[in-house]
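Descriptive structure summary
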Amino acid sequence: MTELSLKKPAHQWSALEITIFRVLFIYFMIQSVPLDWKYYRNAFAINWADLHYRDLFYLARYTPQFLEPGNTLTWGISNLGDWLIVLITATVGAVVWGYIEQGREYSERFIDERYSGLYYVLRAVLRYRLAIAIAAYAFIKIFPMQQPYPSLSLLNTNYGEFTDWKVASFSYGVAPSYEALLGWVELLSAALLLHRKTASIGAAFAIGYIGNVFLSNLGFSGGEAVYCLYLISLGLVILFYDAYRFYSLLVLAKPTAPNTFQPFFLINNYASRLLKAASILIVVVAFGYFAWADYNHGGYQYPTTSGLPNSSGLYNVKDFKRDNTSIPYSLTDGHRWQNVVFEKWNTISIRTNILQKPDMHNTEDIYVNDKDRIYESAGTTGRHFYTYTIDTINHKLLLRNKNPNSKNDVFALQYSGAGTDHILLKGTDISHHPIYVELEKVHKTYVLDESVKIPRYRSAFE
Amino acid sequence: MTVKPESYSADITVWKGYQKILFRISFIFFITMSIPTGVEWYNRTLALDWFHPNYRDIYDIARFLPDMPFIDHYQKGFKSYNDWLVLFIIAIIGGLIWTAFDRKRKEYNNLYYWLRVIVRYRAGIGMVGFGMQKVFPVQMAFPPIGILNTPLGDIPMQKLYWWEIGISPYYQVFTGFVELTAGLLLFHRKTTFFGAVLLIVALGCVNYVNIAYDGNVHVYSTYFVVFGLFLLVYYARDLYHLQIKEQFTVPQHYYPSFSKGWKYTRIGLKSLNIFIFLILLIPLQYLNFVYDPYNQPSAPGVAQLRGYYRVTEFKLNNKVIPFSPVDSVRWQDAAFEKWSSLSFKINLPVPENIAERMPDPKVRRYVDNTGFGFNSGAPQRDIDRTYEALASNRRAFYYRVDTLNHVLYMQDKSTYLNAKDSLRSQSKDPRDRIYAEDWISKDALKNMVGEVEAIPSWGRSTRRTRAYSKKSPKDKLRDHMVLKYTALNNGERVILSGLNENSDSLYVVLEREKKNYAIPTIKLVAGSKTYKTKEQ
């Protein structure tokens with residue numbers, strides 16, 4: 001047996017360690033404690049009486065942003081330029097800090113207590129920051145909404161007509177149980193982060209998980225790569241504290257000293273635990289409740305306003321007249337529609353031979369209002385998506401293209417036969433030519449839907 | 001600052017009673033799990049031609065699952081784990097008998113050490129095998145032209161996940177490195193903990209993906225996760241005491257002392273392992289990647305025909321059929337892949353509720369055609385590599401080509417499980433002449449590249465050659481077509497004429513369409529040295 005020395009001397013902080021620590025301390029404090037005034041502007045813009053998951057989501061996705069003006073609708077994502085500004089600020093701050101402490105005589109123990117204490121504070125702040133950030137994304141997967149099942153229009157869009165980011169999204173959307181599982185994994189790592197002793201294990205989990213998300217963002221042209229890096233950087237600081245311990249015990253197989261720093265709280269231990277438990281409960285309950293509420297309303301990706309009654313489905317364009325001349329089926333004619341999808345909500349999508357310039361939106365955003373919900377139309381070229389309002393007295397649909405690249409694509413159509421298998425549309429297209437469209441419903445069974453329905457745990461092929 | 005006055009060190013010289021019982025059961029269980037118990041493994045390993053190996057030969061050395069005699073095998077559901085249950089019961093009974101006969105024993109440190117060695121290497125070679133197929137990204141293929149022009153709703157969900165990874169080869173390479181790293185870390189005693197953690201994370205995902213997306217390796221991936229968990233148990237106590245109890249922890253490990261003979265045996269075995277699973281496997285996997293990517297057919301397609309085509313004219317028995325999206329006979333498009341496949345879109349409405357009517361033979365026949373059936377990486381012949389082909393409202397044919405007379409001899413990629421179809425080859429009806437044994441005449445054969453020789457010699461292997469030399473009974477169930485092609489203006493316009501699968505005369509004019517896909521094209525393409533000519 002090895003003779004053990006159980007009295008651990010104070011950790012001797014070298015001058016270099018102290019300097020690096022000062023920079024990192026200020027850097028990560030600025031990165032994780034909300035100091036950006038825009039954050040509060042947005043927070044005050046929230047209608048707390050009518051709270052939605054989106055409000056919590058953006059509060060949890062804080063990153064200091066100096067370079068982008070931002071808007072009150074969404075809280076954006078910082079870029080590497082912002083990081084540089086934070087780093088410069090931190091370096092200047094560290095120099096000032098060093099200047100203040102210069103020339104003062106501190107005992108080694110005092111220095112250890114001060115810096116170990118600050119290290120503890122920094123880790124505590126980062127642990128909670130990271131846990132909240134992860135939890136915000138966990139709940140929209142536990143209630144599988146982040147990647148929804150593809151809508152009818154998307155089912156009728158060719159595979160090659162989606163961007164890679166869109167493909168990645170609906171590939172998860174078809175398997176909600178997998179999406180939910182990923183959500184639970186995220187929540188587990190958030191929970192481990194909240195406890196001091198399991199924080200490093202939680203951080204390792206989070207780094208692995210978010211590292212994978214980071215590479216998916218790179219591999220599929222996602223827009224949240226920098227945010228992933230941000231979260232990973234927080235995780236690394238948390239893990240670093242115990243990293244050598246793990247290495248020593250598990251790889252070198254040497255006698256290993258545990259963490260010896262015990263935080264000292266101003267209020268007593270039970271009160272602080274109670275406070276912690278209460279705040280966790282509030283966060284979990286609030287996140288869980290509002291996510292559930294959104295899920296119950298059909299998620300947040302697709303609009304919720306009802307469309308033309310009893311008309312949802314795929315329609316073949318049986319006849320198409322432009323300038324009162326019938327155009328036969330054609331895969332080259334620029335004007336002829338090929339097919340039309342009426343969604344359950346107030347969206348129709350039209351397939352023509354002209355590709356839509358895609359909306360390349362590639363970050364996760366949650367919108368309350370239907371007009372902002374662009375999931376169905378983003379990242380695809382194959383169909384033209386229109387949101388519409390119904391004038392039930394004059395039987396008119398007022399259509400507006402959902403794609404920001406086609407803002408001027410607005411027109412009106414007179415409809416008849418809603419609710420039957422034959423719908424007639426009449427009106428003028430955007431270049432003011434009269435059009436007449438005869439739609440015939442296609443009762444189609446989708447192999448994708450069927451393959452999803454196969455019971456997973458029952459033997460289906462015997 | 002307080003220092004806890006305790007330290008922790010496990011006593012490994014005397015094991016507790018329950019530890020000994022658990023160990024005995026685990027020992028029997030994991031040893032049996034780690035040894036190939038099926039005859040099939042021995043047959044194929046003995047048949048391996050070490051002079052012309054295929055990457056899959058090496059992969060297959062590491063591919064086996066417990067195979068208990070006298071019980072049925074299942075592909076899906078909990079009952080597909082039935083071998084394990086039998087094995088587990090045997091292990092419990094064996095462990096208890098062992099306990100009765102070995103009461104005086106204080107510890108099993110030596111046996112435990114060797115059990116961990118076996119488990120480590122068993123898991124390690126499997127992980128290296130998994131990882132290599134993605135490090136050289138062939139496991140998930142980029143969707144072919146036909147699929148790029150197929151509506152999302154016509155694609156079964158299993159394909160969606162696999163193709164999703166296929167469109168991002170660099171992401172696939174990353175996932176491959178995760179698995180490969182796990183394997184390499186498991187080959188090394190000191191890094192076992194991290195290897196096991198990586199294994200559990202990676203294969204845990206693979207496992208759930210296979211359940212959620214109806215894949216077919218859920219049992220095999222669970223197998224590795226169980227191995228990984230077993231390896232982690234060893235560290236759990238120490239880690240708990242260091243991190244949660246915050247005690248000074250002195251890990252206790254047992255290492256056997258090696259005699260000289262053992263030392264050389266050990267070095268020899270280790271080197272053999274490294275030789276087979278790294279030094280040999282890497283170049284083989286590379287050759288597979290560039291010459292014979294196993295999830296897509298490898299024989300190159302006719303160079304000037306490649307691309308996506310509109311069907312501008314369609315005549316059946318000399319009767320023009322105008323374009324209509326609802327017509328069930330007329331082709332709506334045609335896609336010639338860079339390999340020897342032609343697929344075309346056609347309106348074949350899927351029957352309702354096929355998911356609930358699986359046992360119905362009519363539906364089953366349909367489902368086989370539309371891609372519910374998943375095929376693994378095993379098929380060697382191009383015609384059996386259906387991974388690229390299956391989607392509803394689209395039919396795909398494998399073709400061989402008489403390059404002198406410009407004739408395509410086409411066989412359906414899917415096989416209707418209909419016994420009647422197998423009789424077509426003996427039919428006396430002149431209409432069925434395209435189904436006769438000699439449907440490709442000797443003269444035509446002279447103008448064809450052999451199926452084995454279709455890829456450069458570096459890509460050929462005994463495994464592949466053997467597959468082509470065997471007659472597959474499934475081939476009698478395939479539809480045939482024989483079509484003469486005329487490629488005008490370097491394939492911008494193509495005329496196909498001949499006999500279709502019902503021996504009706506077919507005349508089709510195709511116009512090549514320059515497609516502008518939203519899906520990004522990729523640079524890291526499998527099969528680059530086989531297909532050679534650039535994609536259209």
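**Focus: the overall build of chain A**
The helix and strand inventory of chain A stands at 12 helices and nine strands. Within chain A, the proportion of its 462 residues that are buried is 40%.

**So, the overall build of chain B**
From N to C terminus, chain B includes 16 helices and 11 strands. Evaluated residue by residue, chain B yields a buried proportion of 42% over its 536 residues. Pairs at least 24 apart in sequence give 71% of the contacts found in chain B among residues at least 6 apart.

**Details of the interface of chain A and chain B**
Between chain A and chain B, the contact holds 67 residues from the first and 77 residues from the second. When residues of the side of chain A that touches chain B are traced back to their parent elements, those giving at least two are α6 (152-155), α7 (164-173), α8 (176-194), α9 (199-219), α10 (225-252) and α12 (447-453) of chain A. The element best represented in the side of chain A that touches chain B is α12 of chain A, accounting for six residues. Looking at the side of chain A that touches chain B residue by residue, the classes come out as 34 nonpolar, 22 polar and 11 charged.

**A look at unusual backbone geometry**
Residue and element names in this part refer to chain B. Of note, E246 is a non-glycine position whose phi angle comes to about 50 degrees, a positive value. Here E246 shows up in the loop between α10 (218-244) and β2 (248-249). The backbone of S503 shows a phi angle near 60 degrees, a positive value even though the residue is not glycine. Here S503 shows up in the loop between β10 (493-499) and β11 (505-512).

**Considering the domain arrangement of chain B**
Residues and elements named next belong to chain B. Looking at the assigned domains, one finds that chain B contains domain 1 (16-291) and domain 2 (303-531). For domain 1 and domain 2, the distance between their C-alpha centroids amounts to 38 Å. Sorting the residues of the side of domain 1 that touches domain 2 by element identifies α3 (55-61), α6 (145-148), α7 (157-166), α8 (169-186) and α11 (260-291) as the ones contributing at least two each. Residue composition of the side of domain 1 that touches domain 2, grouped by class: 18 nonpolar, nine polar and five charged.

**Concerning the pairing of strand β4 (residues 347-351) of chain A**
All names here are of chain A. Counting buried residues along β4, five of its five residues qualify, which places the element largely inside the surrounding structure. With burial as the criterion, each face of β4 is covered, one bearing T347, S349 and R351 and the other bearing I348 and I350. Here strand β3 (residues 339-342) runs beside β4; their pairing, made up of four bridges, is antiparallel. Bridged to V341 within β4 is S349. As consecutive antiparallel partners, β3 and β4 are separated by four residues. As paired strands, β4 and strand β5 (residues 384-391) are joined by four bridges and run antiparallel to one another. Considered in β5, the bridge of T347 is made with T387.

**Re α8 of chain B**
The end-to-end C-alpha distance of α8 of chain B is 26 Å, a good match for the 26 Å that 18 residues give at a rise of 1.5 Å each. All of the buried residues in α8 of chain B are P169, Y171, Q172, T175, G176, V178, E179, L180, A182, G183, L185 and L186 of chain B. Those residues of α8 of chain B that are buried lie in contact with α9 of chain A together with α5 (109-135), α7 and α9 (192-212) of chain B.

**Some remarks on the domain arrangement of chain A**
Residue and element names in this part refer to chain A. Split by domain assignment, chain A resolves into domain 1 (15-296) and domain 2 (313-445). Each of domain 1 and domain 2 has a C-alpha centre, and these two points are 42 Å apart. Facing 24 residues of domain 1, the contacting portion of domain 2 comprises 22 residues. Elements represented by at least two residues in the side of domain 1 that touches domain 2 include exactly α3 (53-60), α6 and α7. For the side of domain 1 that touches domain 2, the per-class residue count stands at eight nonpolar, 12 polar and four charged.

**Quick look at the nonpolar core**
Note on soluble globular proteins: their nonpolar side chains tend to be buried together. The biggest cluster of nonpolar side chains holds 188 residues, and the ones touching the most others in it are L130 and A135 of chain A together with L199 of chain B. When residues in this core are grouped by element, the largest group, 14 residues, is from helix α5 (residues 108-142) of chain A. Core analysis: the next-biggest nonpolar cluster, separate from the first, contains 23 residues, L308, F342, F385 and Y388 of chain A among them.

**Observations concerning the packing of α8 of chain A against α9 of chain A**
Residues and elements named next belong to chain A. Axis separation between α8 and α9 bottoms out at 7 Å; the angle between their running directions is 150 degrees. At the point where α8 passes α9, the crossing takes the left-handed sense. Residue-level inspection shows V185, E186, S189, L192 and L193 of α8 in contact with α9, the latter providing A199, I201, G202, A203, F205, A206 and Y209. In terms of residue class, the contact of α8 with α9 is built from nine nonpolar, two polar and one charged.

**Observations regarding the confidence of the model for chain A**
All names here are of chain A. Chain-level statistics for chain A give a pLDDT mean of 90 and a share of 95% at 70 or above. Across residues 1-7 the pLDDT falls below 50, and counting only partners more than four positions away or on other chains, this stretch makes nine contacts in the model. Scored below 50 in pLDDT, residues 457-462 makes 14 contacts in the model with residues more than four places away or belonging to other chains.

**A few points about the pairing of strand β3 (residues 307-316) of chain B**
As a general feature of sheets, a regular strand has side chains that alternate between the two faces. Residues and elements named next belong to chain B. Of the strand pairs in this sheet, β3 and strand β5 (residues 333-336) are connected by four bridges, and their pairing is antiparallel. Residue R310 lies in a different strand from β5, and its bridge partner there is D333. Looking at chain direction, β3 and β11 are connected through seven bridges and run antiparallel. Bridging across to β11, K315 finds its partner in Y507. Judged from the two bridges that link them, β3 and strand β4 (residues 319-320) form a sheet pairing that is antiparallel. Along β4, the bridge assignment pairs K315 with V320.

Calculation criteria
Residues numbered from 1 in each chain as written. Chains lettered and ligands numbered in written order. Predicted model: local features only at pLDDT ≥ 70, side-chain atom pairs only at ≥ 80, totals over all residues. Helix = DSSP H or I, 4+ residues; strand = E, 2+ residues; numbered from the N terminus. Buried ≥ 20, exposed ≤ 12 C-beta atoms within 10 Å, placed from the backbone. Contact = placed C-beta atoms within 7 Å. Nonpolar A, V, L, I, M, F, W, Y, C, P; charged D, E, K, R; others polar. Domains from an automatic or database assignment. Pairing = 2+ DSSP bridges. Expected span 1.5 Å × (residues − 1). Core = buried A, V, L, I, M, F, W, Y, C linked by C-beta atoms within 7 Å. Axes fitted to C-alpha atoms, helices over the stretch in contact; angles between N-to-C directions. Left-handed = near helix turned anticlockwise from the far one by under 90°. pLDDT = per-residue confidence, 0-100.

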